[in-house]
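Here is how the chains run, residue by residue.
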Amino acid sequence: MDTIELPPAADFHAHLREGDMMRVVVPTIKKGGVSLVYVMPNLVPPITTVPQALSYHSGLADLEPSVTFLMTLYLCPAITPAVIERAASTKKIIGVKSYPKGLTTNSEAGVVSYEEYYPVFAAMEKHDLVLNLHGESPSSETTTILNAEETFLPTLLDLHARFPKLRIVLEHCTTAAAVEAVKKCGDTVAATITAHHLFLTIDQWADNPHCFCKPVAKLPSDRAALVEAATSGDAKFFLGTDSAPHPREMKIGAKNGRTAAGVFTQPYAVQLVAEAFDKVGKLDMLKEFVCDFGRKFYKVREKGLEREFGPEVRIQLRKGGGEVVVGQIGEKDKIVVPFNAGKEVWGLEWKGGSGEDY
């Protein structure tokens, strides 16, 4: 199959940053075939209040009014049951993101113990907000970046047992163990899978900083489990790119001597997933993974969360058209290097409306 047409896709985990970087990144959303984005809150300072989230939403919508932006709050002591109630009333703030303290980008204000947030989770259950978990344990004498996800899974199972009606998403799964844990849970637990984790193993990020993210890619057997889950037709698994742009110097030469964690896939989100599905002969499962399952789990249509578009609005994917991932976007100190820069990629074009309208 040389071409395939789909409705516009939805990305249920993206980092759009702020300021100049936001102005670089937001215009790339539709280039990746996406019309709905679930926005992460780990800015500096993090998004911890309803007014902050609504202000961020306004800034994003001003940049790209044809995209639906669904917002999140950053789990910390400032998030109380009263804040959850106010957030739910906005119809724009849909969930709360949990980051383990100090584990990834801008997570210094993150969670140390989940127990103190049980009243918050009960309020989220009551008001039908989603809990988004960065599913890793902090490093210790027995925990490293290679087993941090697996050691977190008992926490996922415990939270699900305590709050069985709370919708929970285990974000950016990277292991076969995580896939199995999500399958064992009830219908209120789901997981996102990124585009880049359908390609990467430990070998790529070990010598390429532009492939380094958290959670890190693991073994070939883990990658195979992710591909199998993504292409299986199981509604528990759907696209969340975790596209995370960083200035090039933060990836290859940061002054603090550390490599920023994040892979930037936004301009090629659906194209990359199509390539991965095509490799295993599962293009027929692409629509469910990138368009349907996430919207269903988040009750997008049921709650009227997305701008309506007609059935004539489509994205067309083309294989073998000679398109190549650009070497960089942005300029000066806001240059970002996309995943698979310089490599051939599927093409994508919007159909059924002008680029200004859709």
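Above this text you will find the structure in question.
Residues numbered from 1 in each chain as written. Predicted model: local features only at pLDDT ≥ 70, side-chain atom pairs only at ≥ 80, totals over all residues. Heavy atoms only, no water.

### With respect to the overall build of the protein chain
- A tally of regular secondary structure across the protein chain gives eleven helices and eleven strands.
- By the compact-globule yardstick of 21 Å for 358 residues, the protein chain fits well, its C-alpha radius of gyration being 19 Å.
- Judged by the C-alpha coordinates and their principal axes, the protein chain covers about 55 × 45 × 40 Å.
- Taken over 358 residues, the protein chain has a buried fraction of 58%.
- Put simply, of all contacts in the protein chain between residues at least 6 apart along the chain, 75% involve residues at least 24 apart. (Helix = DSSP H or I, 4+ residues; strand = E, 2+ residues; numbered from the N terminus. Rg over C-alpha atoms; globule rule 2.2 N^0.38 Å. Buried < 20%, exposed > 50% of the residue type's maximum accessible area, 1.4 Å probe, protein only. Contact = heavy atoms within 4.5 Å.)

### Side note on the pairing of strand S8 (residues 189-193)
- Most of S8 sits out of view: five of its five residues are buried.
- Every second residue of S8 is oriented toward a common face, with Val189, Ala191 and Ile193 on one face and Ala190 and Thr192 on the other, all of them buried.
- Two elements, strand S7 (residues 168-170) and S8, share three bridges in a ladder whose sense is parallel. Considered in S8, the bridge of Ile168 is made with Val189.
- With helix H6 (residues 176-184) bridging S7 and its parallel neighbour S8, the resulting β-α-β unit is right-handed.
- As judged from the three bridges shared by S8 and strand S9 (residues 237-239), these two strands associate in the parallel manner. Within S9, the residue paired with Ile193 across the bridge is Leu239. (Pairing = 2+ DSSP bridges. Right-handed = clockwise from strand over helix to strand, strands pointing away.)

### Comments concerning the pattern of salt bridges
- A complete count under the given rule lists 16 salt bridges for this structure.
- Salt-bridge contacts for Glu5 lead to Arg314; the nearest nitrogen and oxygen are separated by 3.9 Å. With Glu5 in strand S1 (residues 3-6) and Arg314 in strand S10 (residues 314-318), this residue pair connects regions lying 309 residues apart in the sequence.
- Judged by relative accessible area, which is 25%, Arg314 ranks as partly exposed. (Salt bridge = Lys/Arg side-chain N within 4 Å of Asp/Glu carboxyl O.)

### A closer look at the sheet that holds S8
- Spatial strand order, S2-S3-S4-S5-S6-S7-S8-S9: eight strands in an open sheet with parallel pairing. Two strands lie at the open edges of the sheet, namely strand S2 (9-14) and S9, each paired on one side alone. Between one strand axis and the next, the sheet turns by 30° as a mean value, whatever way the strands run.
- Sheet topology note: the strand S5 (residues 93-98)/strand S6 (residues 130-133) ladder contains four bridges and is parallel. Its bridge partner being in S6, Gly95 is matched across the sheet by Val130. (Axes fitted to C-alpha atoms, helices over the stretch in contact; angles between N-to-C directions.)

### Thoughts on the nonpolar core
- By size, the foremost hydrophobic cluster in this structure holds 123 residues, and its most contacted members are Leu16, Phe69, Phe121, Leu156, Leu198, Leu286 and Tyr298.
- Ranked by the residues each element gives to this core, the list is headed by helix H10 (residues 269-279), at seven residues.
- Leu16 has contacts with Met22, Val25, Val26, Ile29, Val37, Val39, Tyr56, Leu60, Phe69 and Gln266, leaving out every residue within four places of it along the chain. (Core = buried A, V, L, I, M, F, W, Y, C linked by side-chain atoms within 4.5 Å.)

### Quick look at the packing of aromatic side chains
- Applying the stated rule across the entire model yields 16 aromatic pairs.
- Ring geometry for Tyr114 versus Phe121: centroids 6.5 Å apart, planes at 35°, classification tilted. Side by side, Tyr114 and Phe121 carry an identical accessibility label, which is buried.
- Ring pairing ties together the aromatic residues Tyr114, Tyr117, Tyr118, Phe121, Phe152 and Phe163, which thus form one cluster.
- The cationic tip of Arg167 hangs over the ring face of Phe297; the distance from NZ or CZ to the ring centre is 6.0 Å. (Phe/Tyr/Trp six-rings, centres within 6.5 Å; stacked < 30°, edge-to-face > 60°. Lys NZ or Arg CZ within 6 Å of the ring centre and 35° of its normal.)

### Here's the deal with the environment of Thr28
- Inspection of the secondary structure assignment puts Thr28 in the loop between helix H1 (19-25) and strand S3 (34-39).
- Sequence spacing of Thr28 and Thr194 is 166 residues, and the spatial spacing of their C-alpha atoms is 17 Å.
- Residues within four places of Thr28 in sequence aside, it is in contact with Phe264, Gln266, Pro267 and Ile329.

### Some thoughts on the packing of helix H3 (residues 81-90) against helix H4 (residues 118-127)
- At a minimum axis distance of 8 Å, the contact between H3 and H4 shows a crossing angle of 25°. The orientation of H3 with respect to H4, classified from their angle, is roughly parallel. The crossing of H3 and H4 is right-handed. Across the interface between the two elements, Pro81, Ile84, Glu85 and Ala88 from H3 touch Pro119, Val120, Ala123, Met124 and His127 from H4.
- Its residues assigned to classes, the contact of H3 with H4 comprises seven nonpolar, one polar and one charged. (Parallel < 35°, antiparallel > 145°, perpendicular 65-115°, else oblique. Left-handed = near helix turned anticlockwise from the far one by under 90°. Nonpolar A, V, L, I, M, F, W, Y, C, P; charged D, E, K, R; others polar.)

### Structural notes on H4
- Residues of H4 that are buried: Tyr118, Val120, Phe121, Ala123 and Met124.
- As for H4, its buried residues are in contact with H3, S5, S6 and helix H5 (148-162).
- Count one or two residues on from H4 and you reach Asp128, which has phi positive near 65°.

### Regarding the environment of Gly352
- Position of Gly352 relative to the elements: it lies in the segment after strand S11 (347-351).
- Residues Gly352 and Arg314, 38 residues apart in the sequence, show an inter-C-alpha distance of 6.3 Å.

### Quick notes on the side chain of Asp11
- With respect to the element layout, Asp11 can be found in strand S2.
- In this structure, Asp11 is buried with no salt-bridge partner, the nearest side chain bearing the opposite charge being Arg295 at 11 Å.
- Among residues more than four places away in sequence, those in contact with Asp11 are Val34, Leu36, Val37, Tyr38, Leu239, Gly240, Thr241 and Gln266. (Lys, Arg positive; Asp, Glu negative; His and termini not counted.)

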